[in-house]
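Chain and residue survey
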Amino acid sequence: YAGFVTAGIAVALQNPILAVVAYFFLMGRYGVRVGDRVTISGVTGRVVDISLLRIYLMELSGPDLHSTGRMVVLSNAVLFQPTASLFKQIPGAEYLWHSVTLTIIATADVEKAYSRLQAAANKVFDTYRDAIQRQHDLAQRFIDFETSAPTPEVRVRLTDTGLECEVRYPVVPEKSARIDQQMLDTLRKAVDSDEQLKLVASGGML
């Protein structure tokens, strides 16, 4: 009888025990702190509080990560679920990565397309480079190895529809919509100014 009671108590307390153990996983130098932006099991939010059993997040949504006005309460034990994942933004680095895809005719010169798009992306990035650099410098103090500062990247590949050019670039969350529009307009103008780089399609902004 005592064995059954003990087993029943152990099963009943399984989730609280896992939650307490997970709490200590959340602590430490690279652990989660109040104010951090995290993504846990697909939920993105800013940490409001962490207790022994639960973590409280202010939910964020949209490309600019605005507050939805909702509070998300998760058991710490969620970290032990097979499909669970935890992503934490490096302290000081609040920037996000966005991308836009342009498709150019397949006969276009790859090197010319790459250089034109890279120059156009850098031109837009220069208008807010200092803000990204400051965030990178703050984040660099948190880690023990050197990393390169984030800058626009252009990736070109040949597809059935043409030359697909993906441009990835860091953005400041509160100015992401304006930066996206400026980036797309500048990239289109860079392509339209050369007759050999005829634009087939554009969009795919993420």
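What comes next is a walk through the structure. Keep in mind the model is a prediction, meaning the values are calculated, not measured.

Regarding the pattern of salt bridges
When charged atoms on two side chains of opposite charge get close, those side chains can pair. Taken as a whole and judged by the stated rule, the model has eight salt bridges. Residue Glu94 is joined to Arg37 by a salt bridge in which the shortest nitrogen-to-oxygen separation is 2.7 Å. Of this pair, Glu94 sits in the loop between β5 (86-88) and β6 (96-104) while Arg37 sits in strand β1 (residues 37-40), and the two are 57 residues apart along the sequence. With a closest N to O distance of 3.1 Å, Glu153 and Arg168 form a salt bridge. Of this pair, Glu153 sits in strand β7 (residues 153-159) while Arg168 sits in strand β8 (residues 162-171), and the two are 15 residues apart along the sequence. The exposure class assigned to Glu153 is partly exposed, which follows from its relative accessible area of 29%. The exposure class of Arg168 is partly exposed, given its relative accessible area of 21%. Through salt bridges with shared partners, a single ionic network connects Arg37, Arg46 and Glu94.

Some remarks on the sheet that holds strand β3 (residues 54-61)
Spatially, β4-β3-β2-β1-β5 is the arrangement adopted by the five strands of the open sheet, whose pairing is antiparallel. The open sheet has two edge strands, β4 (66-75) and β5, and neither has a second partner. When strand polarity is set aside, the average angle formed by the axes of neighbouring strands in this sheet is 35°. For strand β2 (residues 43-50) and β3, the ladder comprises five bridges, and the chain directions are antiparallel. Bridge assignment links Ile50 to a residue of β3, and that residue is Ile55.

Rules used throughout
- Residues numbered from 1 in each chain as written.
- Predicted model: local features only at pLDDT ≥ 70, side-chain atom pairs only at ≥ 80, totals over all residues.
- Heavy atoms only, no water.
- Salt bridge = Lys/Arg side-chain N within 4 Å of Asp/Glu carboxyl O.
- Helix = DSSP H or I, 4+ residues; strand = E, 2+ residues; numbered from the N terminus.
- Buried < 20%, exposed > 50% of the residue type's maximum accessible area, 1.4 Å probe, protein only.
- Pairing = 2+ DSSP bridges.
- Axes fitted to C-alpha atoms, helices over the stretch in contact; angles between N-to-C directions.

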